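Working through the structure, step by step
Each chain is listed here by its residues.
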Amino acid sequence: MCLLIVEVLFFVAGLYMLFTGSVPQDMMGILFGRKRTYAFEPMQSRMLGAMLAAPLTFGLVFGFIMGFVAGMMGDDSFIVMAQCGESILLILVAIVAIVYVRQNSHKDIS
């Protein structure tokens, strides 16, 4: 359940960045820390948004495919592999996003 909550937060922030080309300061403060000002170029913001929106999208698509394959073959091990793969993908995206945001953000002066 916690995995889904993090994926939905990433997805909402990612869609906002994709469509507006700007960074939601409040949500970025929740996800990456409040002691920074997050200022990006519109293209950088859209790239980060696509990266953050990817885990939920891939999780749904691959979960459906793995469930379909498991149903056809009668084997439940595909479902466990899909859950592990989704967790690993979310962790990798979170690490890459944190590094990307930290390198491109500015320290808050006040």
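For the structure itself, consult the block above.
Now for a quick tour of the structure. Computed from a predicted structure; not experimentally measured.

1. Concerning the packing of aromatic side chains
On inspection of all chains with the given rule, the structure shows one aromatic pair. Taken together, a centroid distance of 5.9 Å and an interplanar angle of 25° make the contact between Phe58 and Phe62 stacked. Pair noted here: Phe58 and Phe62 are both in helix α3 (residues 42-73), with a separation of four residues, about one helical turn. For Phe58, a relative accessible area of 41% translates into the label partly exposed. The exposure class assigned to Phe62 is partly exposed, which follows from its relative accessible area of 48%.

2. Focus: the nonpolar core
Across soluble globular proteins, nonpolar side chains show a tendency to be buried alongside one another. Core analysis: the biggest nonpolar cluster contains 15 residues, and Met17, Met28, Tyr38, Phe40, Leu48, Leu52 and Val101 have the highest contact counts within it. Counting residues per element, the ones that place at least two in this core are α1 (2-20), α2 (25-32), α3 and α4 (77-104).

3. Thoughts on a nonpolar patch on the surface
Together, Met1, Leu4, Ile5, Val8, Leu9 and Val12 make up an exposed nonpolar region whose accessible area comes to about 550 Å². By relative accessible area, Leu4 is classed as partly exposed at 42%.

4. Description of the environment of Leu48
Relative to the elements of secondary structure, Leu48 occurs in helix α3. Under the relative-accessibility criterion, Leu48 is labelled buried at 0%. Excluding its chain neighbours within four sequence positions, the residues that come into contact with Leu48 are Met17, Met28, Phe40, Ala97, Tyr100 and Val101.

5. What about the layout of surface pockets?
Taken as a whole, the largest pocket encloses approximately 310 Å³ of empty space. Lining the largest pocket are 18 residues, and of these Gly59, Phe62, Gly63, Ala82 and Glu86 sit closest to its centre. Contributions of two or more residues to the lining of the largest pocket are made by α1, α3 and α4. Ranked by residues supplied to the lining of the largest pocket, first place goes to α3 with eight residues.

The rules we used
- Residues numbered from 1 in each chain as written.
- Predicted model: local features only at pLDDT ≥ 70, side-chain atom pairs only at ≥ 80, totals over all residues.
- Heavy atoms only, no water.
- Phe/Tyr/Trp six-rings, centres within 6.5 Å; stacked < 30°, edge-to-face > 60°.
- Helix = DSSP H or I, 4+ residues; strand = E, 2+ residues; numbered from the N terminus.
- Buried < 20%, exposed > 50% of the residue type's maximum accessible area, 1.4 Å probe, protein only.
- Core = buried A, V, L, I, M, F, W, Y, C linked by side-chain atoms within 4.5 Å.
- Patch = residues over 30% accessible without salt bridge, like charges linked within 9 Å, V, L, I, M, F, W, Y side chains within 5 Å.
- Areas by Shrake-Rupley, 256 points an atom, 1.4 Å probe, with all protein chains shown as cover.
- Salt bridge = Lys/Arg side-chain N within 4 Å of Asp/Glu carboxyl O.
- Contact = heavy atoms within 4.5 Å.
- 1 Å grid on protein atoms, 1.4 Å probe; cavity = no way out; pocket = protein on both sides within 12 Å on 5 of 7 lines; lining within 4 Å.
- Points joined across faces, edges and corners; volume = space filled by probe spheres on them.

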